[in-house]
Each structure stands twice: as C-alpha cells, then as structure tokens.
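Descriptive analysis of the structure
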Amino acid sequence: MAPWQPDQFTARHCPARGKAQAPAPGMGIAYTGAFAAPTLENLLMQSVTLGASDLKVTPICLGTMTFGEQVAEPESHAIMDRAIERGVTFFDTAEMYPVPPSAPTYSRTETFIGNWLATRPGMRDRIVLASKVAGPSRGMPWIREGQGMTAADITASCHASLKRLRTEVIDLYQIHWPERNVPAFGNLYYDPSQEKSQTPIREQLDALAALVKAGKVRCIGLSNETPYGVHEFVRLAEEHGLPRIVSTQNPYCLISRAYDNALDETCHRLNVSLLAYSPLGFGLLTGKYDATGIHAPEAPRGRMALYQRMKNQRWGRESALVAARRYNALAREHGLTPTELALAFCYRNWRVASTIIGVTSLAQLDEDLDAWSVQLSPELLAGIDAIRLELRDPAN
C-alpha cells in the first residue's frame, strides 16, 4: 500500500477540525446512487459517507468476530473473498476478537485478516478497514496489564493491530467500549458508585489525534456509547481542534433498540453515523432457535447454543427469545424469512449508516446479502412497532 499522507487525508477524507457539516434532511447520512433500486448489484454505487468526513463505506459491513473461533482461517479467507465478489468492501474487526474472547485466541482475527491481505496484492487499497482498541478490562487480563485504558494503551494497541493486519493505516479506529462506567452489555442502569475512570475523554482524543497526525489512522469512532459520550467526544473535538468522531458502533436490532431512546437524536443532530452490530440478535432473529430454544441438546449449533458465556449475557435472556419468536412469526406471516425481516429492518432504516453482518459460512453470507433487496411495507413496520410496544427491548 502506498505511503499515506495524513494532511492530505485530513483535507479530503476525515476533517480533523471544525464543526460538522449538516446531515442530509431526515437522514443524518448521505447516500450516493439510486437508493430507489436497492439491488445488491448497485451496492457499491450506494456508498455511505460516515459522519462529517469523506470516508465512504458500503452500507453492509462484514463483521469478523467469528474468525478464529467458529471459523477457521481458510474459511475466513473464503468468506472475505466472497464479500468482495458481491460488492462489500467495508470490513470491521477488533484487537479483542474472536468472540467469545479467550487468552489462546486473542487477536487471532486480525492475524487472519492480515494474512488474507498479504496474499492478495492490491486488496488493501480496495477495502475500508476498521478495528477497535479494547476498553477497560472486562475479565480479560490477557489484553493488557491494568484495569483501565490509558492514552499509552490506545497507542500501543493501534501499533499492534497495524502489525497483525499487515497494513500501514487503519481507516476507522474505534474505542470498543467506553473507558468510563456506562450501562452497556446488558446493564440497564448507570451507577455512579461504579465509576473508576482514570483517563479523561480529552486525553483519549489526544492519543487518537496523535495517531491520525502520524498517518496510522484515518478516521476515529466509538462503540457501545451513550448520548453523553457521543456528545462529549464531539464537543471536545470541536473545542480543541481535535479529530471528530465519524461513527459509533452500537447494537441495533428488533430485540435491542436502546439506540432509539435518545442516541438516535444525538447522532442525527451531531452528524455521527451508526454502525449497527448484531442485527440478527446473536442468531435469535434467524428463527433457528424458535423450536428448541438455546439450552436443549438438540438446539442448532450456533454461538448461543455453543457458549455458556453467551447464554449468560443479554441475548440469553428468556425474554429475548420470547420477543424474537414474535418477530420471527411476524416475518413468516408476511412471506419473509426471519432473517430477511431482521436485516431489512436495519438495511432500510434511516438511522443506520452500515449494518455489520457476522457469518460462519458462505451460505450465511449469501443469505444476508440477498436480503438487501427486501422492502418492508407500512403494515409490517406497524406490526414491528406493536410488538415493541408490548415487549420493549429485552436484549438491551
């Protein structure tokens, strides 16, 4: 890959200073191409501009957290090849991956991607590559020493990811979860007594700014954030002339819509794009667990059935499966598969800039991409809202 000129990028792709440009009316994100004809063939023509930058990505992103645990390296390479063939050029990973995380598999996903890029000359210039620095320890001491996430940790993690990914620059570098205490990953309430923050947001921004200035990172973003966090990162960036976040990567699906409770307004008004992860609710919204649940021996071999760590989290709540079954039934009533309904809910949603899909096979990838053409009728959308009004967001 040709050496990157950070000043050139700052001007053309990821403005590091100044206030955000106004979002498109009613959208908050800008599309190019004929959105009225949402076929997969014109997916590349419908590139999405993230936030106030000029960084353009495809509206479907290939998530990679299964690579290295559920997916072996040869299969992961085949999946990435197929994604490229079908027009998806936005890939997301993280230093923590694969999931579920463990010391033996730590950072394996980035290594797989780096090996894939190394054996495909010119491929790095064709894709937009996103990765993430892990936040404070969540029972994963193998990521780094200490419990927090310092400015030095951000820098060290980025350099290590660059090496594993075999690239000179990461297009979008995100903080995987906040350094401060927040209600996330199934925790419903903010508890001030649990605050252990040691690195102010300004220091985090300074560290990210240094990486942008050095040409190691093009754009910066957040993940698993709250309205306060998004607003504070934007405020401090504009106040001090630091790089502005372009996106936040948060869960968004039929059974987990916390984003709709104020974060959507925050991101729209501040022109920060949503990268929606877990659009299929860790498999619950595919319908594969409808008959058996996730605990039965005969349950399909998906991550919810395979890993006790997953069963113990928000997606493993009985209320989440109850709600998923209702949405899955609604899909079938309208002649759709559950997967088509769940993905179309994100694909067609004005709040979502790019939907992150995670797969374990080529068949799953094709199924997810084929759902791009699905449209949801007003009647079906009203049915979705009726279920949410009754059951709310059980996997928040």
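Here the structure is shown first, and the text comes after it.
Read on for a plain summary of the structure. (Residues numbered from 1 in each chain as written. Predicted model: local features only at pLDDT ≥ 70, side-chain atom pairs only at ≥ 80, totals over all residues. Heavy atoms only, no water.)

1. Digging into the environment of Asp191
Mapped onto the secondary structure, Asp191 falls in the loop between strand E7 (170-175) and helix H5 (201-213). With relative accessibility at 33%, the residue Asp191 sits in the partly exposed group. The spacing of Asp191 and Asn181 is 10 residues in sequence and 7.8 Å in space, taken between C-alpha atoms. (Helix = DSSP H or I, 4+ residues; strand = E, 2+ residues; numbered from the N terminus. Buried < 20%, exposed > 50% of the residue type's maximum accessible area, 1.4 Å probe, protein only.)

2. A word on the sheet that holds strand E10 (residues 273-277)
Pairing in this closed barrel of eight strands is parallel, and the strands run E4-E5-E6-E7-E8-E9-E10-E11 around the ring. On average, each strand axis in the sheet is inclined to that of its neighbour by 30°, with strand direction left out of account. Strands E7 and strand E8 (217-223) of the sheet are contacted by H5, whose axis makes an angle of about 150° with E8. Sitting on the sheet, helix H11 (residues 338-347) touches strand E4 (60-63) and strand E11 (352-358), and the angle it makes with E11 is about 150°. (Pairing = 2+ DSSP bridges. Axes fitted to C-alpha atoms, helices over the stretch in contact; angles between N-to-C directions. Contact = heavy atoms within 4.5 Å.)

3. Looking at the pairing of E7
With six of six residues buried, E7 lies mostly within the body of the structure. Crossover strand E6 (residues 128-133) to E7 through helix H4 (residues 151-165) is right-handed. Pairing analysis gives five bridges linking E7 to E8, with the strands arranged parallel. Considered in E8, the bridge of Tyr173 is made with Ile220. On the question of chirality, the crossover connecting E7 to the parallel E8 by way of H5 is right-handed. (Right-handed = clockwise from strand over helix to strand, strands pointing away.)

4. Topic: the packing of aromatic side chains
Two numbers describe a pair of aromatic rings. These are the distance of the centres and the angle of the planes. Applying the stated rule across the entire model yields six aromatic pairs. Consider the rings of Trp177 and Phe185, whose centres lie 6.1 Å apart with planes at 85°: the pair is edge-to-face. Residue classification places Phe185 among the partly exposed positions, given a relative accessible area of 26%. Lying over the aromatic face of Phe282, Arg303 brings its terminal NZ or CZ to 4.8 Å of the ring centre. (Phe/Tyr/Trp six-rings, centres within 6.5 Å; stacked < 30°, edge-to-face > 60°. Lys NZ or Arg CZ within 6 Å of the ring centre and 35° of its normal.)

5. Some details on the environment of Gly287
As for its placement among the helices and strands, Gly287 is situated in the loop between E10 and helix H8 (303-306). Counting along the chain gives 52 residues from Gly287 to Thr339, while the straight-line C-alpha distance between them is 7.5 Å. Those residues in contact with Gly287 that lie beyond four places of it in its chain are Asn328, Arg332 and Pro338.

6. Brief notes about the pattern of salt bridges
According to the stated counting rule, one finds 24 salt bridges in the structure shown. The salt bridge partner of Asp366 is Arg86, with a shortest N-O separation of 3.0 Å. Remark: Arg86 occurs in the loop between helix H2 (73-85) and strand E5 (90-92) and Asp366 occurs in helix H12 (residues 362-370); sequence separation between them is 280 residues. Judged by its relative accessible area of 19%, Asp366 is buried. (Salt bridge = Lys/Arg side-chain N within 4 Å of Asp/Glu carboxyl O.)

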